[in-house]
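# Overview (structure and organization)
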Amino acid sequence: MSKLRSYFHVAFLTTLNIILYALTYGRFVWLEGRVRGGVFRNWARRFRYRPQRFARPTTEQEIVDLIKNSRSLRFFGSAHSFNEGVVTDETLVSLDAYSGLVWKDLPSRRMAFKAGTRVRDIVDCLLEDNLAFVALPSHDAQSIGGILSTDVHGTGRDWGFVSQSVVSLKLIDGTGRIHECGPSDDLFKAAIGGVGAAWVISEVVVQAVERFNVEQKVYLSDITTVERNLDQLLRDNQHFSLYLFPFTNICQVNTWRSTNDAQSFFGPVREFVSISIDALLAAWFGNFMAYTGLLPALSDGTHRIKRGTNLVLESNKAFNRTIYHLHQELEFTVPFDETFEVCRRFIKLYEEMYDKNLPYTLFEVRFTPPDHDLTLIGAGRGRRSTWLDLVCNDSHGFETYYAEAEKVLKEIGARPHLGKFCRTFTQADLLRLHGPHFQKFQQLVAAHDPQGKFANALTRRLF
């Protein structure tokens with residue numbers, strides 16, 4: 001796609017998504033994965049193909065029958081993915097029709113949901129009984145099964161992963177057998193972050209907490225100040241993240257803390273306006289600066305213009321956001337102690353490659369605590385981790401940058417997020433990164449999908 005065409009592609013689709021979302025009062029998000037006319041498209045329209053067969057089961061038995069009667073199949077929820085993980089050799093299965101509440105136990109604050117249920121719908125269900133997730137990642141359109149299959153994370157001092165709020169899972173493997181497992185079981189740990197390699201999550205039991213408000217602050221600082229005070233910032237805030245930008249020392253600081261304060265007047269509307277402005281500026285002005293060669297000269301001044309916010313919101317409104325500019329993501333983890341060394345290396349790589357017509361890019365930095373033992377191959381396993389997400393506009397040049405970035409990832413021993421752009425990693429790389437945990441994962445895959453029904457191009461390369 002040419003530079004000019006891809007510029008308008010990102011800008012117009014981002015704008016259309018915001019307009020449709022506003023006109024439908026948040027009920028419709030155009031940039032979501034779906035199958036129409038027998039053609040599958042992921043959320044960013046990057047993967048488009050016509051599967052041989054498409055199914056939308058409504059019952060557990062239908063899922064079992066599909067597995068038993070298919071040579072090859074893959075499942076998807078919202079298709080908010082950045083790689084070919086949902087591209088199947090034969091049968092593509094949407095779990096959108098397999099969603100909803102199964103049961104609830106209010107004294108224990110537990111609810112069971114079918115795996116196709118979107119996170120935003122689970123949130124609404126919990127709120128009806130004055131309950132909430134203890135915390136959430138930033139996107140609410142994903143299905144609960146999909147979010148666990150990629151071990152989706154947030155950013156926090158004590159909380160880092162959606163799997164921490166899961167009491168048990170029900171899985172259906174490649175032979176059609178149904179398994180119930182808990183956090184101490186190897187099968188549970190293989191499913192969390194296992195990208196559906198040999199099973200599909202069919203049911204999730206969620207542990208909720210009493211609903212609460214969150215004070216969300218967004219403000220500008222400089223990288224040097226944040227680096228000097230990083231430990232204190234993490235101690236003072238339950239949840240904390242950064243946005244870094246090329247060609248400037250300015251960064252955006254995002255903090256979240258639970259509070260008993262009343263919610264801000266028109267808080268959700270003000271948050272929507274703020275997020276929409278950010279998305280439009282990234283899509284229209286960010287790419288304009290990048291492609292006209294003005295980014296080095298204008299980056300510092302333009303990023304200083306952003307206005308901060310200080311809002312008290314319902315917890316899910318603070319943690320979640322639905323509106324994004326059309327973008328790509330390559331995300332990975334490194335040990336916490338290497339945070340700024342690694343951040344500087346990838347920002348420098350972008351700046352050195354800038355003359356190759358790279359799109360507008362920002363760098364999101366998040367943190368997860370140590371001792372994450374609910375996964376075998378998730379990128380945050382077993383250590384205090386820093387997550388660096390290279391967020392490029394989905395336009396001309398991003399693949400050029402990502403190709404070089406993946407070389408650096410392998411050089412420094414970074415662990416890739418398997419739900420994001422992950423084009424060159426192989427089985428040998430994951431074995432080197434995860435060792436015996438990866439070998440155990442492979443053994444479970446072989447035992448639970450002996451005919452390789454869940455395998456596709458991505459899983460064959462990785463596992």
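Residues numbered from 1 in each chain as written. Predicted model: local features only at pLDDT ≥ 70, side-chain atom pairs only at ≥ 80, totals over all residues. Heavy atoms only, no water.

### Topic: the sheet that holds strand β6 (residues 91-94)
Filter applied, for reference: Whether two strands pair comes down to DSSP finding at least two bridges between them. Put simply, DSSP H or I for four residues or longer makes a helix, DSSP E for two residues or longer makes a strand, and each gets a number counted from the N terminus. Here an axis means a line fitted to C-alpha atoms, over the contact stretch when the element is a helix, while the angle between two N-to-C directions is reported on a 0 to 180 degree scale.
Pairing within the open sheet is parallel, and its 3 strands lie in the order β4-β6-β5. Lying at the two open borders of the sheet, with one neighbouring strand each, are β4 (53-55) and β5 (73-76). The average undirected angle you get between the axes of adjacent strands in this sheet is 20 degrees. Examined bridge by bridge, β5 and β6 share 4 bridges and lie parallel to one another. Looking across to β6, one finds that F75 is bridged to V93.

### Quick word on the packing of aromatic side chains
Aromatic ring pairs are reported here in terms of the distance separating the ring centres and the angle at which the planes meet. Formally: For this analysis, a ring pair means two rings from Phe, Tyr or Trp (six-membered ring only for Trp) whose centres lie within 6.5 Å, classed as stacked if their planes differ by under 30 degrees, edge-to-face if by over 60, and tilted for the remaining angles. When accessible area is computed with a 1.4 Å probe and restricted to protein chains, residues below 20% of their type maximum are described as buried, those above 50% as exposed, and intermediate ones as partly exposed.
Tallied over the full model, the rule gives 27 aromatic pairs. Arranged with centres 6.4 Å apart and planes meeting at 75 degrees, the rings of F8 and W284 form a pair that is edge-to-face. Of the two residues, F8 sits in helix α1 (residues 3-23) while W284 sits in helix α8 (residues 267-291), which places them 276 residues apart along the sequence. Relative accessible area serves as the criterion here: at 33%, F8 is assigned to the partly exposed category. The interplanar angle of 90 degrees and the centroid separation of 5.5 Å between the aromatic rings of Y350 and Y401 together place this pair among those described as edge-to-face. Residue Y350 is located in helix α11 (residues 339-353), and its partner Y401 is located in helix α12 (residues 398-412); the two are separated by 51 residues in the primary sequence.

### What about the packing of helix α13 (residues 427-434) against helix α14 (residues 436-448)?
Selection rule: In these notes the angle categories are as follows: under 35 degrees is roughly parallel, over 145 is roughly antiparallel, 65 to 115 is roughly perpendicular, and the rest is oblique. We call two residues in contact when some of their heavy atoms are within 4.5 Å.
Viewed as axis vectors pointing N to C, α13 and α14 meet at an angle of 125 degrees, and their least axial separation amounts to 6 Å. Overall, the two elements α13 and α14 adopt an arrangement that is oblique. Only P436, H437, F438, Q439 and Q442 of α14 make contact with α13, whose side of the interface consists of Q427, L430, L431 and H434.

### Some thoughts on α11
Spelled out, the test is: A helix is expected to reach a length of 1.5 Å times the quantity of its residues less one.
Between its terminal C-alpha atoms α11 stretches 22 Å, which fits the 21 Å expected from 15 residues at 1.5 Å a residue. Taken together, the buried positions of α11 are T339, F340, V342, C343, F346, I347, L349, Y350 and M353.

### With respect to the sheet that holds strand β1 (residues 34-36)
Spatially, the 3 strands line up as an open sheet ordered β1-β2-β3, and their pairing is antiparallel. The open sheet has two free edges, formed respectively by β1 and β3 (48-49), since each of these has just one partner strand. Two elements, β1 and strand β2 (residues 39-41), share 3 bridges in a ladder whose sense is antiparallel. Bridged to R36 within β2 is V39.

### Re the pattern of salt bridges
Spelled out, the test is: Definition used for salt bridges: Asp or Glu carboxyl oxygen within 4 Å of a side-chain nitrogen of Lys or Arg.
Within the structure shown, the criterion is met by 30 salt bridges. Residue R211 is joined to E314 by a salt bridge in which the shortest nitrogen-to-oxygen separation is 2.7 Å. You can see R211 sitting in the loop between β13 (209-210) and β14 (213-222) and its partner E314 sitting in strand β17 (residues 309-314), a full 103 residues away along the chain. Here R211 falls in the partly exposed class, since its relative accessible area comes to 34%. The class of E314 is buried, set by a relative accessible area of 10%. Of the charged contacts in the structure, one is a salt bridge between D278 and K306, with a shortest N-O distance of 3.0 Å.

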